[in-house]
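Each chain, letter by letter, is given below.
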Amino acid sequence: MLRIPSVTMATEVEIDDSLYSRQRYVLGDGAMQRMAKASVLLYGVGGLGIEIGKNIVLAGIKSLTVQDPNISSTLDLGTQFFLREEDVQKQRTRAEASVPRLSELNPYVSIHTLTTPLNDSTDLQYLKQYQCVIVTELPHSIQVKVNSFCRTSEIQFISADVYGLFCGAFCDFGDSFEVADPNGEEPKEVFIANVTKENPGVVTCLDNKMHGFETDDTVTFREVTGMTKLNNMQCKIKVKSPYAFSICDTSGEEFAPYISGGICTQVKIGKTVTSECLEKQLMKPDILITDFSKLELPISTHAGFTALHKFIESHGHLPNTWCSEDAGKMLTIVSEMKGQGMFQESGDISEEVIRLLSYTCRGSFLPLCAALGGIVAQEALKAITGKFTPLKQWLYLDAVDVLNKDDGENTQLFQAKGDRYDQLRICVGENILQKLQQLKLFMVGCGAIGCEMLKNYALMGVATQEQGQITITDNDLIEKSNLNRQFLFRPQHIRQPKSTTAAQAVRQINSGIRIEPQQHKVCVQTEKTVYPDSFFERHDIIVNALDNVEARRYVDMRCVTAQRSLLESGTMGTKGHTQVIVAHLTESYGSQRDPPDEEVPYCTLKSFPANIEHCIQWARDKFESSFTQKPNAFNKFWTANTDTTAVIERLSRSDPVDGAVQASKLLVFRPKDWASCVHIGRLKFEKYFNHKAKHLLHAFPLDTKISDGSPFWQSPKRPPTPIEFDAGNPMHLQFVIATAHLYADNNKITIPKPIDEQEIQKILLGVKVSPFVPSNKKIEVDETKTGNKEEVLSTDELEIAGSRIQSVLSSTDHVKALEKMMPANFEKDDDSNGHIDFITAAANLRGSMYQIETADRLRIKRIAGRIVPAIATTTAAVSGLISVELVKVVQGQPIEKYRNCFLNLALPVFLFSEPGPAERTVVKEGITFTNWDRWDIEGNPDFTLQNLLDKLKEKVGSEVTFVGHGTKIVYTTFMPGHRKRLPDKLTKLLKAKPGDVYMDLVVSFESMDDEDVGGPPIRYFFRL
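In this report, the structure presented in the accompanying data block is examined. In this text the structure is predicted, and so the values were computed from the model without any measurement.

Each helix and strand counted, the protein has 31 helices and 32 strands in total. Rg of the C-alpha trace for the protein: 33 Å, near the compact-globule value of 31 Å for 1024 residues, within the 12% margin. In terms of overall dimensions, the protein has a C-alpha envelope of 100 × 80 × 65 Å along the principal axes. When the 1024 residues of the protein are sorted by exposure, 54% land in the buried category. Entry remark: accessible area of the protein is about 45100 Å², with carbon and sulfur atoms responsible for 49%. Computing the positive centroid from 114 side-chain charges and the negative centroid from 129, the protein places the two 4 Å apart.

Quick look at the structure:
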């Protein structure tokens, strides 16, 4: 029996939110706790195995045992990023060499090493200490044996391999595997407009909002008036339209007629998943389809993998590289298996797939290792947590479209040379390898995807020849929360630049990589200085590794202008996308736009919240207004108005001074010590959660009716209930302390550490709270109105402001009173700064005031901080898939060879599709252009606007109706005065400066239907 060495590198601990915060939003604390108690065995740490191990360790299980008897080789260096040339020279096993570097990824994971082989004579009893066993690089006969043992021992089993341009994975989680959360989505919730009394009852959503439910979903109800029987009841639904669904029979007497209100919420229901053993599944596989244009590929790959293992059993080795004879033997094996009844109901098997598998199986295409490594690691996390739906039961991916048919005729291009790039050379050939090594690539962003991309590039030899160059840029510094996904970074790198640190790390993977790190933002401000068009044009390809849509659109626009291809990818939790954008061939990123997010009306946030998200946004706005904007305004005012006497005199004459009223209020209420900060916190509580409610109820009593006679207070409007302050209530006290903390920070007041709650109670006893006095202040109820109104100040208000300033400055130290405040810069990941404490308390108190269900701190932090849930598995999968497309772009494949992908590892689902073609615009018959096209016009110092119009008319045959540059209109036929500009030189009209080589213009032409038609961008060269 094999025994685990008693090596412990970490003990079980509570969830470290500063490290795992982004992942917690993907998996949840229940799954994280189960992971913290789970042990996994990983057999084989070649290119695929190390990817799986890296992602599992980053996720944070209790322990990982790495078992691999193989000695490190030069061949491994092309796919195994934790091996070094020194490991090869010293003949270390892959397990021994990898474990120290794996251990650096996560201090909470214990990692063990085994260097004994797993074969027919192995006693498998040692596997019983693991919850999940993952095997790679094992013969099918051993896989079947291990799988059988795992099934009888209730251990989840996963096998996976990459052979050449093909990869595959198999999962068996037993006969009855409980899945607690099949998809990981937040339960959907809708407000109800009506419920009919019939069989079945039909629920209609309020304001024609789409419910997003699916037939057979289970829902529950609350806050329904009239038909109260529905409250807390669970029903299965049937969707009737995007705005309505049917439930149970509501025609009975127990269901009173519906009156109003109600919220319908989706109920998460678990499920049981059944798997078959590997031996059965080899004969009759259940394969996930990923690309509906290649329906024959999955079963062909499955047959090829099965034949490959039989070939090894018969010959003792893999088929030789690009050997036709061995490929013929593989086809014979497949034919024999079909004759034995295998794959009978699975469709046709492609001979070309079998041949390509045979030709390339001695290699390993690195991007497939990365992609499958992310996918398999996620399956392992499912196995130990029951979170998300397991793979049922096979997945196959391929990269056959990277091959150049012409190269395939010269098999010498694919033969090994004994260097670190042999695994890639066998797959794609020497010509493509050389192109990769000479590539000039610019990557924007060095976060999670950026780190994975750089690792892939280093292993693939991108930019390792003198002509090649990788330029990366990222203006961010490394934070602790990055370490959970951005695997090139370590704790000692915190607060260091991402780009320079990432560059140093990838040089350790491949010292030959030519990489230049920069720390600039790619934006309008750097467009003319750091990253002009000429910079983009110097590169062969651009890669986006960004985390927001606006930045992506900007880089895409620059790529279109520079006519450079772009690789785009992104993740959100278990979801990911890849998009390949090829100059002059495909549509660009900006060609498609998601619908804009629905904005919450100002009056809803201000006075009528309907859900906890509205309360969180209100609290976030309060934070920004009170602790950032007002201190900034205070500083700005007194910096601009240093003569306080002059300010007071102007205000006394009712002469407005911009910002004076607000600055005077801040001056008067500015706290002087910790006790006065607590005092303000108590008063703010009364204002926000007591007086505000009373003011609303004073303006709109509970029996208020609107113009049609219906109640004012009806769903989704909720009448507030004033909250009476209770110093013994932890939430009330948290709000006061967090508010005091922030005012103290604003005013550079020392905060006692630790904060003594008994001392706070004493201070609160001395606070005098004014009773509520009704006012005539208008409450906005129009959902179309915004809150950006200019406040009109009365004469009295200006004079009072002057008196305030006079009073404060005459009674206190002048310099101290006007000392600059310290505005708060919202930081969600620092739990000591009180920012999330304030927002959590404020949001939940507001929710309580409106009888809205409160939320926990973790959820509030995600919403207020606009945190994008993230996990390393999705990042690895996405980086691998987009790296496949890199190879295609480098060799200029036709559009049908490229693939965009949408994936969701939770389900799991993978949807590959051909990119959309570049949209073509017709100017007139015979003249068309795409968004990639640009017309260049050569000018001279005397070139006039009339010359430009003539040139364009000569090209198109139609009159020019508009010429623009940026936001400036240079010429339009709608303005008769513009005809006077025709003789003017373009250098004058465009305000050309010395050194300007060209400017890009926008033009429109006259069309047959009297509507202008836009032309392509015009690049006008001055030739000064």
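Let us now look at the packing of aromatic side chains. Counting across every chain of the model gives 43 aromatic pairs. For the pair Phe-627 and Tyr-743, a centre-to-centre distance of 5.0 Å together with 75 degrees between the ring planes defines the contact as edge-to-face. A residue pair is termed long-range when its members are at least 10 positions apart, and Phe-627 in helix H19 (residues 612-640) and Tyr-743 in helix H23 (residues 730-746) qualify at 116 residues. When its relative accessible area of 12% is taken as the criterion, Tyr-743 is described as buried.

Applying the stated criterion across every chain, the model contains three cavities of 30 Å³ or more. Approximately 270 Å³ is the volume attributed to the largest cavity. Lining the largest cavity are 21 residues, and of these Asp-291, Lys-294, Leu-397, Asp-398 and Phe-912 lie nearest its centre. At the level of elements, helix H7 (297-315), strand E16 (394-398) and helix H29 (872-891) are the ones that each hand at least two residues to the lining of the largest cavity. Take the lining of the largest cavity: its biggest share by element is four residues, from H29. For the second largest cavity, the calculated volume is near 90 Å³. When residues of the lining of the second largest cavity are traced back to their parent elements, those giving at least two are helix H5 (140-152), strand E5 (156-163), H7 and E16. The leading source of residues in the lining of the second largest cavity is H7, at four residues.

Here we come to the environment of Val-781. Relative to the helices and strands, Val-781 resides in the loop between helix H24 (757-765) and helix H25 (795-811). Residues Val-781 and Ser-654, spaced 127 residues apart in sequence, show a C-alpha to C-alpha distance of 32 Å.

Most of strand E3 (residues 110-114) sits inside the fold, with four of its five residues counted as buried. Bridge analysis of strand E2 (residues 63-67) against E3 gives five bridges, and the strand direction is parallel. When the sheet's bridge partners are listed, Ser-63 is paired in E3 with Ser-110.

The full count for this structure, using the stated rule, is zero disulfides. Among the cysteines around Cys-205, which has no disulfide bond, Cys-264 carries the closest sulfur, lying 7.7 Å off. Not engaged in a disulfide, the cysteine Cys-369 finds its nearest cysteine sulfur in Cys-167; these two sulfurs lie 8.1 Å apart.

So, about the pairing of strand E8 (residues 189-195). Pairing between E8 and strand E14 (residues 260-267): three bridges, direction antiparallel. Residue pairing for E14: Glu-189 is matched across the bridge by Thr-265. Bridge analysis of E8 against strand E9 (residues 202-205) gives three bridges, and the strand direction is antiparallel. The residue of E9 that forms the bridge with Ile-192 is Cys-205. Where E8 folds back onto E9 in an antiparallel hairpin, the turn is made up of six residues.

This brings us to the pattern of salt bridges. Scanning all chains against the criterion turns up 61 salt bridges. One salt bridge connects Asp-181 with Lys-268, and the closest N-O pair in it is separated by 3.0 Å. In this pair, Asp-181 is assigned in the loop between strand E7 (177-179) and E8 and Lys-268 in the loop between E14 and strand E15 (271-273), connecting sequence segments 87 residues apart. A salt bridge links Glu-430 to Lys-417; its shortest N-O distance comes to 3.5 Å.

Attention shifts here to a nonpolar patch on the surface. Among the surface-exposed residues, Ile-289, Phe-292, Leu-295, Phe-902 and Leu-911 lie close enough to one another that they form a single nonpolar patch of about 460 Å² accessible area. Its location among the elements puts Leu-911 in strand E24 (residues 909-913). Given the relative accessible area of 40%, Leu-911 is considered partly exposed.

Attention shifts here to the sheet that holds E2. A sheet is described by the order of its strands in space; here seven strands give the open sequence E3-E2-E1-E4-E5-E6-E16, paired in mixed fashion. Of all strands in the sheet, those with a lone pairing partner are E3 and E16, marking the two edges. When the angles between neighbouring strand axes are averaged without regard to direction, this sheet yields 15 degrees. Note that strand E1 (residues 39-43) and E2 share five bridges and pair parallel. Within E2, the position partnered with Val-40 by the bridge is Leu-64. Sheet strands in contact with H5 are strand E4 (132-135), E5 and strand E6 (166-172), and its direction is about 160 degrees off that of E5. Contacts from H7 reach E5, E6 and E16, with the element oriented near 95 degrees to E16.

Our next topic: the side chain of Thr-604. Topologically, Thr-604 is positioned in helix H18 (residues 602-606). The class of Thr-604 is buried, set by a relative accessible area of 10%. Look past the residues within four positions of Thr-604 in its chain and what remains in contact with it is Pro-609, His-614 and Glu-783.

About the criteria used
Residues numbered from 1 in each chain as written. Predicted model: local features only at pLDDT ≥ 70, side-chain atom pairs only at ≥ 80, totals over all residues. Heavy atoms only, no water. Helix = DSSP H or I, 4+ residues; strand = E, 2+ residues; numbered from the N terminus. Rg over C-alpha atoms; globule rule 2.2 N^0.38 Å. Buried < 20%, exposed > 50% of the residue type's maximum accessible area, 1.4 Å probe, protein only. Areas by Shrake-Rupley, 256 points an atom, 1.4 Å probe, with all protein chains shown as cover. Lys, Arg positive; Asp, Glu negative; His and termini not counted. Charge placed at Lys NZ, Arg CZ, Asp CG, Glu CD. Phe/Tyr/Trp six-rings, centres within 6.5 Å; stacked < 30°, edge-to-face > 60°. 1 Å grid on protein atoms, 1.4 Å probe; cavity = no way out; pocket = protein on both sides within 12 Å on 5 of 7 lines; lining within 4 Å. Points joined across faces, edges and corners; volume = space filled by probe spheres on them. Pairing = 2+ DSSP bridges. Disulfide = S-S within 2.5 Å. Salt bridge = Lys/Arg side-chain N within 4 Å of Asp/Glu carboxyl O. Patch = residues over 30% accessible without salt bridge, like charges linked within 9 Å, V, L, I, M, F, W, Y side chains within 5 Å. Axes fitted to C-alpha atoms, helices over the stretch in contact; angles between N-to-C directions. Contact = heavy atoms within 4.5 Å.

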